[in-house]
Amino acid sequence: MSHCFFCVSVLGGRRPPVAHEDMASSIFQAVVSCMALLWFVWATDGIPDPTQRDLLMREEASRQTGGQVTLTAAEQELDASLHQLKEKEMSAAQFPPALHFFRAKPLIQQSSIFKVLQKMPKGAALHVHSSSLVSVDWLVKNVTYRPHCYICFTWDNSVRFLFSDHQPFPRWECFYWQLLETLRAKIKDPAAFDNSLMQHLTLFTEDPDGVYPSQDVVWQKFEKAFIAAAGLITYAPVLRDYLYRGLEELHHDNVMYLELRSGLSKTYELDGTIHDKVWSLKTFEDVTKKFVADHPDFLGARIILSLHRALSVFEVKAAVKEAIQLQKDFPDVVAGFDLVGREDSGRTLWYFREALSLPAELGVTLPYFFHAGETDNEGTDVDQNILDALLFNTTRIGHGFALAHHPLAKEISRKRNVAVELCPISNQVLKLVSDLRNHPAAVLMSEGHPMVISSDDPSLFGTTGLSYDFYQAFVGVGGLKANLGTLKELALNSIRYSSLPLHLKDMALDTWQNKWDIFITGVFGLMTFCIFHF
């Protein structure tokens, strides 16, 4: 009997507490788990009892993400249909998660599962960078056609943009600026020219393995694309439209809340006037309020202030002090602080320990949302960012690709309820993993580790919203075991692990549940069509 009490105590505390969770059901689940484990311990030689096997299978399934979600009759019917569709896709000659996303994207767009995921309410996007929030198609076909837009082609085969009321002076390695309107008038094929501009703002290529043979090469292009887009996005009139457009693209994909990582780059006007970060935060706040007023089912957006990890301790210390003040001035807008940029070539969290300890020394709270473990260099100083992020009480772990290799960090993050922000497409495109069935997050999902799905840099990967990443996580990382309960828990997690205050989380969960119920009711026609026509 003492063994059973031990099992109830351990297994009952295995998951984080969930709002409205049925305690009696939890205790029953723990007792069943206990009996299954004891039965296994006491098993005798010979052919195992089928009942014992069934209990073990159910216990293992209950531990995965969504394993303790109870589905209604309608949800079970939808789940069975999704399972059937997934079996078909997994047996196809070309399985999208096994291919590079740039090759897989057309196949995913034809997927019946993807069409269902597009309609599914996905909760919140918690890991998105401001410089890649909006599709490059909109940037090129809308923003670069605006008056006073200048362009410069650099020596390293990149571009720079600048809005100005006069011929710009040399800057940013640019010695000759051309007015885009004048340049386009001389070009015989403007559409081809626009496509060439898009290539500077995205990583997309038809030959990803040939063009990006290593992580160094793809990261070099990655960072160039950010720099190229900066001159467009930081133009004040564009910034307002850009933010609104970004919220539109998320809302269109049935996302209802955003936490945006942003360095709040200095924004400029046509005459060269420069705005500070306070102006940018006010603009973000105003645009968000307007969007919520226009779309009452959208819950809002907050900013995680970010700084590049290549900077000095002095600069990070100043940024942390500034973040503390900005959060005090904008408590409903500023969610916290993060260090961004490539971990493998940047400085570690421990290198910045003096700066990152400032809030505690000052007796104030500044939530951290650290990128950590976005590396496959196991055992290096960078690899220790996972543990250091937890030492500095990070609220969530950005990427956490290396977490599965750190059993202690995994245990601590589970106990502290620190969710991993899984961005599967980003991890694949940036060459951490080629076949998403081999993503280490598969281990985390099988254990029900706290997790949310996000898109990281959607415009650079040719995506919008969260549906593509949900597809890769559901079909590729989760495999055939992932079910509708998995999807439901991941969507709910994005609200539970957000930085929203508790009362707003409760409201968000209620709003999401209403959307989910409508989704379940309305999706059956689509499922019937998919099953019989694909």
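Read on for a plain summary of the structure.

Parameters and conventions
- Residues numbered from 1 in each chain as written.
- Predicted model: local features only at pLDDT ≥ 70, side-chain atom pairs only at ≥ 80, totals over all residues.
- Heavy atoms only, no water.
- Helix = DSSP H or I, 4+ residues; strand = E, 2+ residues; numbered from the N terminus.
- Buried < 20%, exposed > 50% of the residue type's maximum accessible area, 1.4 Å probe, protein only.
- Core = buried A, V, L, I, M, F, W, Y, C linked by side-chain atoms within 4.5 Å.
- Contact = heavy atoms within 4.5 Å.
- Pairing = 2+ DSSP bridges.
- Disulfide = S-S within 2.5 Å.
- Axes fitted to C-alpha atoms, helices over the stretch in contact; angles between N-to-C directions.
- Parallel < 35°, antiparallel > 145°, perpendicular 65-115°, else oblique.
- Nonpolar A, V, L, I, M, F, W, Y, C, P; charged D, E, K, R; others polar.
- Salt bridge = Lys/Arg side-chain N within 4 Å of Asp/Glu carboxyl O.
- Phe/Tyr/Trp six-rings, centres within 6.5 Å; stacked < 30°, edge-to-face > 60°.
- Lys NZ or Arg CZ within 6 Å of the ring centre and 35° of its normal.
- Right-handed = clockwise from strand over helix to strand, strands pointing away.
- Polar contact = N/O pair within 3.5 Å; in protein donor to acceptor, adjacent residues only side chain to side chain.

## Looking at the overall build of the protein chain
Link 1 in the chain: If you tally the helices and strands in the protein chain, you get 25 helices and 13 strands.
Link 2 in the chain: By the burial criterion, 54% of the 534 residues in the protein chain qualify as buried.

## Comments concerning the side chain of His406
Link 1 in the chain: Tracing the sequence through the fold places His406 in the loop between strand E11 (396-399) and helix H18 (407-416).
Link 2 in the chain: Taking the relative accessible area as the measure of exposure, His406 reaches 9% and is therefore buried.

## Points about the nonpolar core
Link 1 in the chain: Within the largest apolar cluster, 149 residues are counted, with the highest numbers of intra-cluster contacts made by Phe161, Leu203, Tyr242, Leu258, Val320, Phe337 and Leu356.
Link 2 in the chain: Broken down by element, this core gets its largest block of residues, nine residues, from helix H11 (residues 215-233).
Link 3 in the chain: Once residues lying within four places of it in the same chain are set aside, the contact partners of Leu258 are Ala125, Val128, Leu133, Leu247, Leu250, Phe298, Gly300, Ala301 and Arg302.

## Structural notes on the sheet that holds strand E2 (residues 149-153)
Link 1 in the chain: Strand order in the open sheet formed by three strands is E3-E2-E4, and the pairing between neighbours is antiparallel. Single-partner strands in this sheet number two, and they are strand E3 (159-163) and strand E4 (178-179).
Link 2 in the chain: Summarising the sheet, E2 and E3 pair through five bridges and their orientation is antiparallel. Its bridge partner being in E3, Phe153 is matched across the sheet by Val159.

## Topic: the state of the cysteines
Link 1 in the chain: According to the stated counting rule, one finds one disulfide in the structure shown.
Link 2 in the chain: There is a disulfide in this structure between Cys152 and Cys174, and the S-S distance comes to 2.4 Å. Across the disulfide from Cys152 to Cys174, rotation about the S-S bond amounts to roughly -105°, and the bridge is consequently left-handed. Of the two residues, Cys152 is situated in strand E2 and Cys174 in the loop between E3 and E4; the sequence distance between them amounts to 22 residues.

## Notes on the packing of helix H5 (residues 101-110) against helix H6 (residues 112-119)
Link 1 in the chain: Interhelical geometry of H5 versus H6 gives an angle of 75° and a closest axis separation of 5 Å. In this view, H5 runs roughly perpendicular relative to H6, as classed from their interaxial angle. Residue-level contacts link Ile108, Gln109 and Gln110 of H5 to Ser112, Phe114 and Lys115 of H6.
Link 2 in the chain: When the residues that make up the contact of H5 with H6 are grouped by side-chain class, the tally is two nonpolar, three polar and one charged.

## What to know about the pattern of salt bridges
Link 1 in the chain: Going through the model one piece at a time under the given rule, you end up with 23 salt bridges.
Link 2 in the chain: The residue Asp216 makes a salt bridge to Arg342 at a minimum N-O spacing of 2.8 Å. Placement of Asp216 in helix H11 and of Arg342 in the loop between strand E9 (334-340) and helix H15 (353-356) is noted, with a sequence separation of 126 residues between them.
Link 3 in the chain: Arg342 gets classed as buried once you look at its relative accessible area, which sits at 11%.

## Observations regarding the packing of aromatic side chains
When we look at a pair of aromatic rings, we describe it by the centre distance and by the angle of the planes.
Link 1 in the chain: Throughout the structure, instances matching the rule amount to 17 aromatic pairs.
Link 2 in the chain: Here Phe222 and Phe226 contribute two aromatic rings whose centre-to-centre distance is 4.9 Å and whose plane-to-plane angle is 75°, an arrangement assigned as edge-to-face. Here Phe222 pairs with Phe226, and both are found in helix H11, just four residues apart, close to one helical turn.
Link 3 in the chain: Assessed through its relative accessible area of 4%, Phe222 is described here as buried.
Link 4 in the chain: Through successive ring pairs, a cluster of aromatic residues spans Phe101, Phe102, Phe114, Phe204 and Tyr468.
Link 5 in the chain: In this arrangement the basic side chain of Lys86 is found over the ring face of Phe474, its NZ or CZ atom lying 3.5 Å from the centre.

## Brief notes about the sheet that holds strand E5 (residues 257-262)
Link 1 in the chain: In space, the four strands of this open sheet follow the order E1-E5-E8-E9, with parallel pairing throughout. Among the strands making up the open sheet, the edge pair consists of strand E1 (124-129) and E9. On average, each strand axis in the sheet is tilted by 20° relative to the strand beside it, whichever way the strands run.
Link 2 in the chain: Sheet topology places strand E8 (residues 301-308) next to E9; six bridges connect them, and they run parallel. Bridging from a neighbouring strand, Leu305 pairs with Phe337 of E9.
Link 3 in the chain: Set on the sheet, helix H14 (residues 313-329) makes contact with E8 and E9; between it and E9 the angle comes to about 165°.

## Some details on the pairing of E11
Link 1 in the chain: Across two bridges, the pairing between strand E10 (residues 371-372) and E11 is parallel. Following the sheet pairing, His371 is matched in E11 by Gly398.
Link 2 in the chain: For the crossover that starts at E10, traverses helix H17 (residues 385-391) and ends in the parallel E11, the hand is right-handed.
Link 3 in the chain: Of the strand pairs in this sheet, E11 and strand E12 (residues 419-422) are connected by three bridges, and their pairing is parallel.

## Comments concerning the environment of Asp344
Link 1 in the chain: Assignment of secondary structure puts Asp344 in the loop between E9 and H15.
Link 2 in the chain: Taking the C-alpha atoms as reference points, Asp344 and Glu374, separated by 30 residues in sequence, lie 8.2 Å from one another.
Link 3 in the chain: When near neighbours in sequence (up to four residues on either side) are disregarded, Asp344 contacts Gln215, Thr375, Asn377 and Val382.
Link 4 in the chain: Here Thr375 takes part through its side chain, which lies 2.6 Å from a polar atom of the side chain of Asp344.

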